[in-house]
Amino acid sequence: MAYENIRLEKDGPLAILTVDRPKALNALNSATFHEMDDAIRSLKFDETRALIVTGGGDKAFVAGADIAEMVTITAAQAREFSALGHHVFQSLENLPIPTIAAVNGFALGGGLELALGCDLIYASEKAKLGLPEVTLGVIPGFGGTQRLTRLVGRARAKELLFTADRIDAARAKEMGLVLDVVPADKLMEHCRAVAAKILKNGPLAVAQAKRVVEYGADQDLRSANELERQGFAVLFGSEDQREGMAAFLAKRPAAFQGK
Ligand code: HXC
């Protein structure tokens, strides 16, 4: 599939997905979602071990769902559009590789929801984040009400949802929404450095860590801990576990194969 609204680049084991409609501040329309879905499905996890998601141009990560596309849709079409966005962000969450949002500018509405679908969020100093949907007479529809609440708690989530405040990156970091804030020209370097650190580790173990955190987050502690025990045990069927431990004992770096 040829992409018109996104770019998917590969740099060794790292893939970079750029939402690239800078004239519309990278707003997410249905075509963009279909391309993102295709790009995510195309990833082969024996080659690609980490994914960075960012926005094209120098102004926006993603300024939201495409308002021009939504302005006249019916409730049934809105439900379909919401389901499409949920599907794409859920598939990011389900990927067996870590995903990193490089928030390089406005991350508003659906844009913040995209970042929230990633495992780690880093922002440039000039990023502005928020959920302005109520100013348009709607609410977030791609999981933002739920993912934000789980990340920053109900009160802060409600504050952002009700006021539609556009917060800067430093404030977003204070509330635990963004992990680190870096100068704009260092953002990709920072995200690549985090990815490089992760890429040195056992890929099956990283995938398992992501899986048990994600599935465990929705469960009671006892069930979640059982998930961890299963995930831990499963890794003892892997060559990576033998290699990782043997390498430690032999005082050499491990050469993980993801097997
Ligand atoms: C469509 C958008 C857009 C959007 C910006 N543009 N955001 N088009 N959908 N979400 C377009 C503008 O119309 C304009 O097009 C061009 O991008 C540049 O934007 P400007 O407004 O001229 O830039 P600026 O003055 O710098 O303001 C930047 C901004 C503002 C503060 C980010 O664009 C803005 O408030 N955008 C909307 C943010 C928003 O409300 N997002 C939530 C959407 S609802 P032209 O053709 O005039 O140059 C949502 C719901 C998700 O996300 C759930 C759905 C199920």
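Worth saying up front: this structure is predicted, and the values here are computed from it rather than measured.

(A) Examining the overall build of the protein chain more closely. Within the protein chain one finds 11 helices and 10 strands. Radius of gyration (C-alpha) of the protein chain: 19 Å, near the 18 Å computed for a compact globule of 259 residues. Counting only C-alpha atoms, the protein chain reaches 60 × 40 × 35 Å along its principal axes. Here the protein chain holds 259 residues, and the buried ones make up 44% of them. Counting contacts in the protein chain only where the partners sit at least 6 residues apart, residues at least 24 apart contribute 69% of the total. Surface exposure of the protein chain reaches about 13,500 Å², of which carbon and sulfur atoms provide 56%.

(B) Region of the structure containing a nonpolar patch on the surface. A surface patch of nonpolar side chains, about 260 Å² in accessible area, is lined by Ile 67, Leu 136 and Val 138. Tracing the backbone through its elements, the reader meets Val 138 in the loop between strand S8 (128–130) and helix H5 (144–152). Take Val 138: its relative accessible area is 42%, and that puts it in the partly exposed class.

(C) Representation of the site of the ligand within the structure. Taken together, 23 residues are adjacent to the ligand, and Lys 59, Ala 63, Ala 65, Ile 67 and Gly 110 come closest. Measuring from a nitrogen atom of the ligand, one finds a backbone N or O atom of Ile 67 at 2.9 Å. In the environment of the ligand, an oxygen atom lies 2.8 Å from a nitrogen or oxygen atom belonging to the backbone of Gly 110. For the ligand, the accessible surface in isolation is 1,000 Å², of which the surrounding protein chains cover 64%. Looking at the shell around the ligand residue by residue, the class counts come to 12 nonpolar, 5 polar and 6 charged.

(D) Expanded view of the pairing of strand S3 (residues 50–55). In terms of residue burial, S3 counts as a mostly covered element, since 6 of its 6 residues are buried. Neither face of S3 is left uncovered, since the one carrying Ala 50, Ile 52 and Thr 54 and the one carrying Leu 51, Val 53 and Gly 55 both have all their residues buried. Crossover connection from strand S2 (residues 14–19) via helix H1 (residues 30–42) to parallel S3: handedness right-handed. Note that S3 and strand S5 (residues 99–103) share 3 bridges and pair parallel. Looking at the pairing, Ile 52 lines up with Ile 100 of S5.

(E) Focus on the packing of helix H9 (residues 203–217) against helix H10 (residues 221–234). The contact between H9 and H10 brings their axes to 9 Å, and the two run at 165°. Judged on the interaxial angle alone, H10 and H9 are roughly antiparallel. Note on packing geometry: the crossing formed by H9 with H10 is right-handed. Residues Gln 208, Arg 211, Val 212, Tyr 215 and Gly 216 of H9 touch H10, and the partners they reach there are Ala 224, Leu 227, Glu 228, Gly 231 and Val 234. Tallied by class, residues from the contact of H9 with H10 come to 5 nonpolar, 3 polar and 2 charged.

(F) Local environment of the nonpolar core. Among the nonpolar cores identified, the biggest contains 47 residues, and Met 36, Val 103 and Leu 177 are the most heavily contacted of them. In terms of residue count, helix H3 (residues 75–94) provides more of this core than any other element does, 5 residues in total. The residues touching Leu 177, leaving out its near neighbours within four places in the chain, are Leu 112, Leu 116, Ile 121, Leu 148, Leu 151, Val 152, Ile 167 and Ala 172.

(G) Inspection of the confidence of the model for the protein chain at higher detail. With 100% of its residues at a pLDDT of 70 or more, the protein chain shows a mean pLDDT of 98. Of all the helices and strands in the protein chain, H9 carries the lowest mean pLDDT, 97, while S5 carries the highest, 99. The ipTM, which scores confidence in the relative placement of chains, is 0.99 for this predicted complex, and the corresponding pTM is 0.98.

What counts as what
Residues numbered from 1 in each chain as written. Predicted model: local features only at pLDDT ≥ 70, side-chain atom pairs only at ≥ 80, totals over all residues. Heavy atoms only, no water. Helix = DSSP H or I, 4+ residues; strand = E, 2+ residues; numbered from the N terminus. Rg over C-alpha atoms; globule rule 2.2 N^0.38 Å. Buried < 20%, exposed > 50% of the residue type's maximum accessible area, 1.4 Å probe, protein only. Contact = heavy atoms within 4.5 Å. Areas by Shrake-Rupley, 256 points an atom, 1.4 Å probe, with all protein chains shown as cover. Patch = residues over 30% accessible without salt bridge, like charges linked within 9 Å, V, L, I, M, F, W, Y side chains within 5 Å. Salt bridge = Lys/Arg side-chain N within 4 Å of Asp/Glu carboxyl O. Near = heavy atom within 4 Å. Polar contact = N/O pair within 3.5 Å; in protein donor to acceptor, adjacent residues only side chain to side chain. Nonpolar A, V, L, I, M, F, W, Y, C, P; charged D, E, K, R; others polar. Right-handed = clockwise from strand over helix to strand, strands pointing away. Pairing = 2+ DSSP bridges. Axes fitted to C-alpha atoms, helices over the stretch in contact; angles between N-to-C directions. Parallel < 35°, antiparallel > 145°, perpendicular 65-115°, else oblique. Left-handed = near helix turned anticlockwise from the far one by under 90°. Core = buried A, V, L, I, M, F, W, Y, C linked by side-chain atoms within 4.5 Å. pLDDT = per-residue confidence, 0-100.

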